[in-house]
Amino acid sequence: MKTKTKLLRYKIFKILLLFWTLFIGIGALWGSLCMFIDPTGKLLHMDALLPYFQVLPFADILFTNYIFSGICLLIVNGLSNILAFTLILLKKKIGYILGTIFGFTLMIWIIIQFIIFPSNPLSTSYFIFGVLQLISGLLALLTRKQYLYQELQYENTNKSDTLVVYFSRTGYTNNYAIKMANSNNFDIERLYVNERTDGLLGFLWCGRFGMHKWGMSINSLKHDIKKYKKVIIITPLWVFHISAPIREFIKQNLDYLKSIETQIIINHFMHYLTKCSIKEVESLLPSATITSIETQYGHTHSEKLIK
């Protein structure tokens with residue numbers, strides 16, 4: 001994924017999260033201030049709702065007016081979101097995490113209102129705001145991670161009898177392949193396609209190929225694989241199956257791959273490798289050894305020989 005694209009996506013979701021934390025925070029500060037000024041709730045036209053609080057525990061102590069509700073509103077939705085807003089501006093990761101969490105707490109806050117109060121447009125609107133804040137936060141965290149993630153560069157210039165072939169959509173498989181090639185002085189071949197694979201639309205488009213187990217047309221290779229005695233193929237999973245470019249590469253070079261030593265490394269984020277992905281590899285290349293690696297946000301946590 002190109003750096004400019006990563007930066008643009010990151011900025012969009014960061015701005016959205018900043019907007020929601022500031023909007024919800026200021027709204028909660030204003031609401032709590034009005035409750036402190038007029039504890040009866042008349043200033044906010046909420047005096048008629050006060051009797052509904054009687055279903056709550058300790059209602060005769062805490063909910064005879066809006067003072068306690070104002071304190072809760074100030075802490076849970078006001079100061080909390082202003083804190084998250086400030087931390088995001090200061091480029092602190094915890095700000096993104098808190099902004100996401102506070103979207104969820106707003107949803108819980110409104111669900112409680114749904115239980116206590118009669119249905120009303122204001123509560124429904126703020127529940128939707130909470131959902132949007134939660135989604136914005138999750139996407140901001142994801143795109144921030146992708147933007148800060150740095151792809152490694154290939155350093156080996158020596159000729160080898162082993163070729164590493166891989167496809168990488170997000171860069172995670174790229175770094176694993178580069179590390180392997182650099183540390184073992186292997187040659188390397190990254191597959192490229194003309195299909196859109198970047199971003200959310202690319203994710204969905206690739207998912208379509210993965211779901212149907214289609215191949216994806218690949219560009220011409222820089223290396224002649226027939227010059228190598230061993231080929232190591234590294235692929236991410238698309239909908240529990242090997243990626244479409246890797247599937248196409250195997251089919252195009254199937255006869256030669258069967259005649260040499262071949263290793264297939266499946267890169268996935270789950271704690272275990274699904275049987276359907278193993279069966280697909282076995283059906284394509286029965287003689288290949290299969291290795292499973294678990295990668296989460298660019299960090300490889302485990303490596304296991306399957307076959």
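I will try to describe carefully the structure that is included in this document.

Criteria and cut-off values
Residues numbered from 1 in each chain as written. Predicted model: local features only at pLDDT ≥ 70, side-chain atom pairs only at ≥ 80, totals over all residues. Heavy atoms only, no water. Helix = DSSP H or I, 4+ residues; strand = E, 2+ residues; numbered from the N terminus. Buried < 20%, exposed > 50% of the residue type's maximum accessible area, 1.4 Å probe, protein only. Contact = heavy atoms within 4.5 Å. Areas by Shrake-Rupley, 256 points an atom, 1.4 Å probe, with all protein chains shown as cover. Axes fitted to C-alpha atoms, helices over the stretch in contact; angles between N-to-C directions. Parallel < 35°, antiparallel > 145°, perpendicular 65-115°, else oblique. Left-handed = near helix turned anticlockwise from the far one by under 90°. Nonpolar A, V, L, I, M, F, W, Y, C, P; charged D, E, K, R; others polar. 1 Å grid on protein atoms, 1.4 Å probe; cavity = no way out; pocket = protein on both sides within 12 Å on 5 of 7 lines; lining within 4 Å. Points joined across faces, edges and corners; volume = space filled by probe spheres on them. Expected span 1.5 Å × (residues − 1). Pairing = 2+ DSSP bridges. Right-handed = clockwise from strand over helix to strand, strands pointing away. Core = buried A, V, L, I, M, F, W, Y, C linked by side-chain atoms within 4.5 Å.

## A closer look at the overall build of the chain
Then comes step 1: Along the backbone of the chain there are 10 helices and 7 strands.
Then comes step 2: Reported as C-alpha extents along the three principal axes, the dimensions of the chain are approximately 85 × 35 × 30 Å.
Then comes step 3: Counting over 307 residues, the chain shows a buried share of 47%.
Then comes step 4: The long-range share in the chain, meaning contacts at least 24 apart out of those at least 6 apart in sequence, stands at 72%.
Then comes step 5: Element-wise, carbon and sulfur atoms account for 65% of the exposed surface of the chain, whose accessible area totals about 16,700 Å².

## As for the packing of helix H4 (residues 93-116) against helix H5 (residues 121-148)
Then comes step 1: Close contact between H4 and H5 brings their axes to 8 Å; oriented N to C, the two are set at 160°. Judged by the inter-axis angle, H4 sits roughly antiparallel to H5. Along this stretch, H4 crosses H5, giving a crossing that reads as left-handed.
Then comes step 2: Considering only residue class, the contact of H4 with H5 consists of 17 nonpolar, 9 polar and 2 charged.

## So, the layout of surface pockets
Then comes step 1: As a volume, the largest pocket reaches approximately 1,100 Å³.
Then comes step 2: Looking at the largest pocket, it is lined by 30 residues, and the ones nearest its centre are Gln146, Arg169, Thr170, Phe203 and Phe269.
Then comes step 3: Elements with a contribution of two residues or more to the lining of the largest pocket: helix H1 (3-37), H5, helix H6 (172-184), helix H7 (199-212), strand E3 (230-238), strand E5 (261-268) and strand E6 (289-296).
Then comes step 4: The element contributing the most residues to the lining of the largest pocket is H7, with 6 residues.
Then comes step 5: Across the lining of the largest pocket, the residue classes break down as 17 nonpolar, 11 polar and 2 charged.

## Overview of H6
Because an α-helix completes one turn every 3.6 residues, residues spaced three or four positions apart along the sequence face the same direction.
Then comes step 1: With 13 residues, H6 extends 19 Å from end C-alpha to end C-alpha; this agrees with the ideal 18 Å at 1.5 Å per step.
Then comes step 2: Within H6, burial applies to Tyr172, Thr173, Asn174, Asn175, Tyr176, Ala177, Ile178, Met180 and Ala181.
Then comes step 3: At the C-terminal side of H6, Asn185 shows a positive phi close to 60°.

## Side note on the pairing of strand E1 (residues 162-166)
Then comes step 1: Burial within E1 is extensive, with 5 of its 5 residues counted as buried.
Then comes step 2: What you see with E1 is no split at all: Thr162, Val164 and Tyr166 on one side and Leu163 and Val165 on the other are buried throughout.
Then comes step 3: Of the pairings in the sheet, the one linking E1 to E3 comprises 5 bridges and is parallel in character. Residue Leu163 lies in a different strand from E3, and its bridge partner there is Val231.
Then comes step 4: Pairing between E1 and strand E2 (residues 187-190): 4 bridges, direction parallel. Bridge pairing links Tyr166 to Arg190 in E2.
Then comes step 5: A crossover links E1 with its parallel partner E2, the connecting element being H6, and its sense is right-handed.

## Brief notes about the nonpolar core
Then comes step 1: With 32 residues, the main nonpolar core has Ile233, Phe249, Ile250, Leu257 and Ile264 as its most contacted residues.
Then comes step 2: Elements with a contribution of two residues or more to this core: E1, H7, E3, helix H8 (244-252), E5 and helix H10 (275-284).
Then comes step 3: In this structure, Tyr176, Ala181, Phe186 and Ile188 belong to the second largest nonpolar core, which totals 13 residues.

Scope: geometric values only; no functional claims are made or implied.
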